[in-house]
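Residue-level structure breakdown
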Amino acid sequence: MNEEKTWVFQAQQGNDEAFTRLVEQYQTPVYNLCYRMLGEPEAAEDAAQESFLRAYRNIGRFDLGRPFPTWLLSIAAHYCIDQLRRRKFGFISIDEEADDDDRPMEFADANAIDPAYEAERREEQHVLQMVLQKLGSTDRATIVLRYWYDFSEVEIAESLNLTVPAVKSRLHRARREVARHLAEGAPEPHLERMPYGTPAL
Amino acid sequence: MEHQPFEDWLLNDKHLTPDERRNLNRHTAICPQCAALVQANLVLRAAPMTRPANGFALRFQRRLVAERKIQRRRAVIGTILLTLVSIGLILWLLTPLFPYLSLSPTQLLMTWVSALVYIAAALQAVGIVSEVIFRFVLGIFPPSVWLLSLVSAVGLSALLVAPLRKQGKHKAYSQARL
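Let me begin by describing the structure that accompanies this report. Quantities reported herein were computed from a predicted structural model and do not represent experimental measurements. (Residues numbered from 1 in each chain as written. Chains lettered and ligands numbered in written order. Predicted model: local features only at pLDDT ≥ 70, side-chain atom pairs only at ≥ 80, totals over all residues. Heavy atoms only, no water.)

A few words on the overall build of chain A. Each helix and strand in chain A was counted, giving eight helices and one strand. Beginning at the N terminus, the succession of helices and strands in chain A can be written as α-α-α-α-β-α-α-α-α. Relative to its 201 residues, chain A shows a buried fraction of 51%. By sequence separation, contacts in chain A at least 24 residues apart represent 64% of the contacts at least 6 residues apart. Roughly 9700 Å² of accessible area belongs to chain A as shown, and the carbon and sulfur atoms make up 50% of that amount. (Helix = DSSP H or I, 4+ residues; strand = E, 2+ residues; numbered from the N terminus. Buried < 20%, exposed > 50% of the residue type's maximum accessible area, 1.4 Å probe, protein only. Contact = heavy atoms within 4.5 Å. Areas by Shrake-Rupley, 256 points an atom, 1.4 Å probe, with all protein chains shown as cover.)

Moving on, we get to the overall build of chain B. Scanning chain B from terminus to terminus reveals six helices and one strand. Reading the helices (α) and strands (β) of chain B from amino to carboxyl end gives α-α-α-β-α-α-α. Burial analysis of chain B (178 residues in total) assigns 19% to the buried set. Taking as baseline every contact in chain B between residues at least 6 positions apart, the subset at least 24 positions apart corresponds to 42%. About 13600 Å² of surface is accessible on chain B, with carbon and sulfur atoms providing 72% of the total.

To continue, consider a nonpolar patch on the surface. All names here are of chain B. A cluster of nonpolar residues, Ile87, Ile90, Leu91, Leu94, Leu97, Phe98, Tyr100, Leu101, Leu103 and Trp112, forms a patch on the protein surface that exposes about 940 Å² of accessible area. When residues in the nonpolar patch are grouped by element, the largest group, four residues, is from helix H4 (residues 56-94). As for its position among the elements, Phe98 is in the loop between H4 and helix H5 (105-140). (Patch = residues over 30% accessible without salt bridge, like charges linked within 9 Å, V, L, I, M, F, W, Y side chains within 5 Å. Salt bridge = Lys/Arg side-chain N within 4 Å of Asp/Glu carboxyl O.)

On to the state of the cysteines. All names here are of chain B. Counted under the stated rule, the structure contains zero disulfides over all chains. Sulfur of Cys31: no disulfide; nearest cysteine sulfur belongs to Cys34 and is 3.8 Å away. We classify Cys34 as buried; its relative accessible area is 0%. (Disulfide = S-S within 2.5 Å.)

Okay, the environment of Ala179(A) next. Structurally, Ala179(A) is set in helix H8 (residues 164-183). It is 9.2 Å that separates the C-alpha atoms of Ala179(A) and Val131(A), two residues lying 48 residues apart in sequence. Dropping the residues within four chain positions of it, Ala179(A) is found in contact with Ala36(B), Leu37(B) and Ala40(B).

Structure follows, in structure tokens:
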């Protein structure tokens, strides 16, 4: 953690190498957030790059007393919400979007060697991804921050500029939606993470 | 037990006691709605982190270099445009003075003196007219009415400015976080 603070401090002084270390450290969490929000690997790559670029531009204003990952993921979440709103209102052409069948190239936890297991797991993830795409952009962000990053309701509220009751309400609604869509025919899940663990951070 | 407490437990991520867990298991066996919520929780908790293709940091560095080039280009273009606009503005402001360049020094001096006299006379006239208007307006209402209006205006301004300042502080805090 101290090492991270040192990198952030050095990056604030204009040290590009320190910022690159931060990029290496947080590329997976930021990319995963963008992928879960946007649903396409290419769009996720672009959004993750843009999020880091925005963080780079604004790192001078970052308060060292606050957790860096929360700040960084907040930037990425806001960027993705903006992108989804632009898509909704047609500011991004359909040609720019990738096919629905696009899948991420790699999973961080790729320890499966059984092809059938792997195929089933990919299918399960594809179904989940499709279900996520049915949620509203802010609801999606609350679910992603909650389940992939174990953010508390207060942290989600701070990250998305919402009130805590609004976050609770959105989380409830989003969970009901996910449950409803998954109940329409999802495969049995394979537990690979600790129930309250944070593999990303 | 009714359905609602179980749904609330699931939606609020309540840490359950062994008894509560047994009750929940019994309930989910007969309640498809709560069973679906449990299933959704499991699927979401089981979802792995996706990672970018190799070389993400390298691609970011390239993007940063490209961004800097664009920023430098923008800065150069901006400076050139600003310089051109400034030169144009200065020339435009100096345009009325161009005819004076063909005058002799004596003629130039006479012109300047007459211009200064004209400006002084105009200022004097404006002063006299303002004084007349000011006296007329003051005479319409008694001084107490003017004093009361002034106090009211100050009070209203304070009421309007206070929430704006509060909002401004909140906005600045939000921007600082981003």
